[in-house]
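Here's the letter readout for the chains.
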Amino acid sequence: VDLSEKASSMLFRYTSSRVRQRIAVLIDGKLIDAPIVLQPLVSRRLSIPGLSKEQIAVIVERFKIGPPI
């Protein structure tokens, strides 16, 4: 997933306050993954393991509809 600068900054602030804690990755309210944050995420690119090609396509289409954060 490629993030805008604003989204990357928000993710950094969020993960900075949650080091050594689990964060939930939800799609349509379903838990996809719950990794432990080992360090704040500073990249504008991240990967989410466990997504099928179909799930990725749905996510991409949703972001085309509205502005990215």
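Structural notes, computed from the coordinates.

### Observations regarding the overall build of the chain
Stage number 1. Check the secondary structure of the chain and you find 2 helices and 2 strands.
Stage number 2. Reading the chain from its N end, one meets helices and strands in the order α-β-β-α.
Stage number 3. Going through the 69 residues of the chain one by one, you find that 14% of them count as buried.
Stage number 4. Sequence-distant contacts in the chain: of pairs separated by 6 or more residues, those separated by 24 or more amount to 48%.
Stage number 5. As displayed, the chain has an accessible area near 5600 Å², and 60% of this comes from carbon and sulfur atoms.
Stage number 6. Computed over 11 positive and 6 negative side-chain charges, the separation of the two mean positions in the chain equals 7 Å.

### A look at the side chain of Ser8
Stage number 1. With respect to the helices and strands, Ser8 occurs in helix 1 (residues 5-16).
Stage number 2. Looking at Ser8, its side chain comes within polar contact range of the main-chain oxygen of Ser43, at 3.3 Å.
Stage number 3. Those residues in contact with Ser8, other than ones at most four positions away along the chain, are Leu3, Leu41, Val42, Ser43 and Arg44.

### Observations concerning the pattern of salt bridges
Stage number 1. Summed over all chains, the structure comprises 1 salt bridge.
Stage number 2. A salt bridge links Asp2 to Arg45; its shortest N-O distance comes to 2.6 Å. Of this pair, Asp2 sits in the segment before helix 1 while Arg45 sits in the loop between strand 2 (30-33) and helix 2 (53-65); the two residues are 43 residues apart in sequence, bridging distant segments of the chain.
Stage number 3. Under the relative-accessibility criterion, Asp2 is labelled exposed at 56%.
Stage number 4. Note on Arg45: relative accessible area 58%, which makes it exposed.

Calculation criteria
- Residues numbered from 1 in each chain as written.
- Predicted model: local features only at pLDDT ≥ 70, side-chain atom pairs only at ≥ 80, totals over all residues.
- Heavy atoms only, no water.
- Helix = DSSP H or I, 4+ residues; strand = E, 2+ residues; numbered from the N terminus.
- Buried < 20%, exposed > 50% of the residue type's maximum accessible area, 1.4 Å probe, protein only.
- Contact = heavy atoms within 4.5 Å.
- Areas by Shrake-Rupley, 256 points an atom, 1.4 Å probe, with all protein chains shown as cover.
- Lys, Arg positive; Asp, Glu negative; His and termini not counted.
- Charge placed at Lys NZ, Arg CZ, Asp CG, Glu CD.
- Polar contact = N/O pair within 3.5 Å; in protein donor to acceptor, adjacent residues only side chain to side chain.
- Salt bridge = Lys/Arg side-chain N within 4 Å of Asp/Glu carboxyl O.

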